[in-house]
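Here is what each chain is made of, one letter per residue.
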Amino acid sequence: MKTSPTPVVSDADVLIHMAKLRRLPLLRVLYEYVSISEYVHQEITSKNDLGITEAIGSYLIVYPTSPEKAAAVAAQHGIHIGEAHTKALGELLNAKLFLSNERKVRKAAIAEGFRVAGTIGVILRAAHLHAVTVSEALSLIELMRSEDFRIHPDLIQEAIKTLHDTFDP
């Protein structure tokens with residue numbers, strides 16, 4: 001399996017979800033590396049570790065971003081400052097893929113020409129590329145029903161249906 005050569009940026013929520021699922025290393029398998037802003041770095045390292053420390057500097061690469069640029073992006077799109085730092089980093093690195101679960105952020109990223117994926121999209125891609133089995137992907141998505149994850153139940157159902165429709169004979 002080949003990793004994607006596409007430059008990828010992520011905000012905190014996808015990283016935190018993947019860490020809670022104990023599948024953060026899938027990002028290395030799927031994308032080789034993921035770029036994050038210093039702001040996101042601070043957000044994710046304030047959480048229970050869950051493998052985040054090992055990922056920093058290995059396949060999560062930290063970049064500085066302009067606070068002024070991030071503030072302007074946040075004001076323009078009405079998004080959280082951490083997500084604005086990620087969008088600014090995406091522009092700086094000419095990233096093609098933006099990882100986020102937040103609807104408003106995804107909408108802003110798409111409007112700016114990014115492709116977007118959230119935690120479920122990462123899991124579906126992993127199943128498609130055989131980085132996880134369909135059974136593992138279904139288990140991971142089922143785990144996201146817990147209150148520790150902020151994913152709409154309809155999205156979880158849609159992902160389960162996609163896995164069954166795509167991979168069942």
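As a reminder, the structure under discussion sits directly above these lines.
Structural notes, computed from the coordinates. (Residues numbered from 1 in each chain as written. Predicted model: local features only at pLDDT ≥ 70, side-chain atom pairs only at ≥ 80, totals over all residues. Heavy atoms only, no water.)

If you tally the helices and strands in the protein chain, you get 10 helices and 5 strands. For 169 residues, the compact-globule estimate of 2.2 N^0.38 gives 15 Å, and the C-alpha radius of gyration of the protein chain, at 15 Å, lies within 12% of that figure. Each principal axis of the C-alpha atoms in the protein chain carries an extent, and together these give about 50 × 30 × 30 Å. By the burial criterion, 46% of the 169 residues in the protein chain qualify as buried. The contacts in the protein chain between residues at least 6 apart in sequence include a share of 68% that link residues at least 24 apart. Once the 18 positive and 20 negative side-chain charges of the protein chain are each reduced to a mean point, those two points are 4 Å apart. (Helix = DSSP H or I, 4+ residues; strand = E, 2+ residues; numbered from the N terminus. Rg over C-alpha atoms; globule rule 2.2 N^0.38 Å. Buried < 20%, exposed > 50% of the residue type's maximum accessible area, 1.4 Å probe, protein only. Contact = heavy atoms within 4.5 Å. Lys, Arg positive; Asp, Glu negative; His and termini not counted. Charge placed at Lys NZ, Arg CZ, Asp CG, Glu CD.)

With that settled, consider the nonpolar core. One finds Leu-24, Leu-27, Tyr-31, Ile-44, Leu-60 and Leu-99 to be the most contacted residues of the largest nonpolar core, which totals 41 residues. At 6 residues, the largest contribution of residues to this core is made by helix H1 (residues 12-20). Residues contacting Leu-24, with those up to four places away along its chain left out, are Leu-15, Met-18, Ala-19, Gly-51, Ile-52, Ala-55, Tyr-59 and Leu-60. Residues Val-9, Ala-70, Ala-84 and Ala-95 belong to the second largest nonpolar core, which totals 13 residues. (Core = buried A, V, L, I, M, F, W, Y, C linked by side-chain atoms within 4.5 Å.)

As for its position among the elements, Gly-78 is in the loop between helix H5 (67-77) and helix H6 (81-93). It is 19 Å that separates the C-alpha atoms of Gly-78 and Glu-43, two residues lying 35 residues apart in sequence. Filtering out sequence-adjacent residues up to four positions away, Gly-78 remains in contact with Val-73 and Lys-104.

The contact between H5 and H6 brings their axes to 8 Å, and the two run at 110 degrees. With respect to their mutual orientation, H5 and H6 come out roughly perpendicular. The two elements H5 and H6 cross, and the hand of that crossing is right-handed. Two secondary-structure elements touch here, H5 through Pro-67, Lys-69, Ala-70, Ala-71, Val-73, Ala-74 and His-77 and H6 through Ile-81, Ala-84, His-85, Lys-87, Ala-88 and Glu-91. Class assignment of the residues belonging to the contact of H5 with H6 gives a composition of 8 nonpolar, 2 polar and 3 charged. (Axes fitted to C-alpha atoms, helices over the stretch in contact; angles between N-to-C directions. Parallel < 35°, antiparallel > 145°, perpendicular 65-115°, else oblique. Left-handed = near helix turned anticlockwise from the far one by under 90°. Nonpolar A, V, L, I, M, F, W, Y, C, P; charged D, E, K, R; others polar.)

Another aspect to go through is the packing of helix H3 (residues 38-45) against H6. Direction vectors running N to C along H3 and H6 enclose 135 degrees, while the axes themselves pass 8 Å from each other. Taken together, the axes of H3 and H6 are oblique relative to one another. Classified by chirality, the crossing of H6 by H3 is left-handed. Only Ile-81, Gly-82, His-85 and Thr-86 of H6 make contact with H3, whose side of the interface consists of Tyr-39, Val-40 and Glu-43. Along the lines of polarity and charge, the residues of the contact of H3 with H6 split into 3 nonpolar, 3 polar and 1 charged.

Turning our eyes to something else, we now look at the side chain of Asp-11. Tracing the chain through its elements places Asp-11 in the loop between strand E1 (8-10) and H1. Given the relative accessible area of 1%, Asp-11 is considered buried. Excluding anything up to four places from it in sequence, Asp-11 contacts Val-40, Glu-83, Thr-86, Phe-98, Leu-99, Ser-100 and Val-105.

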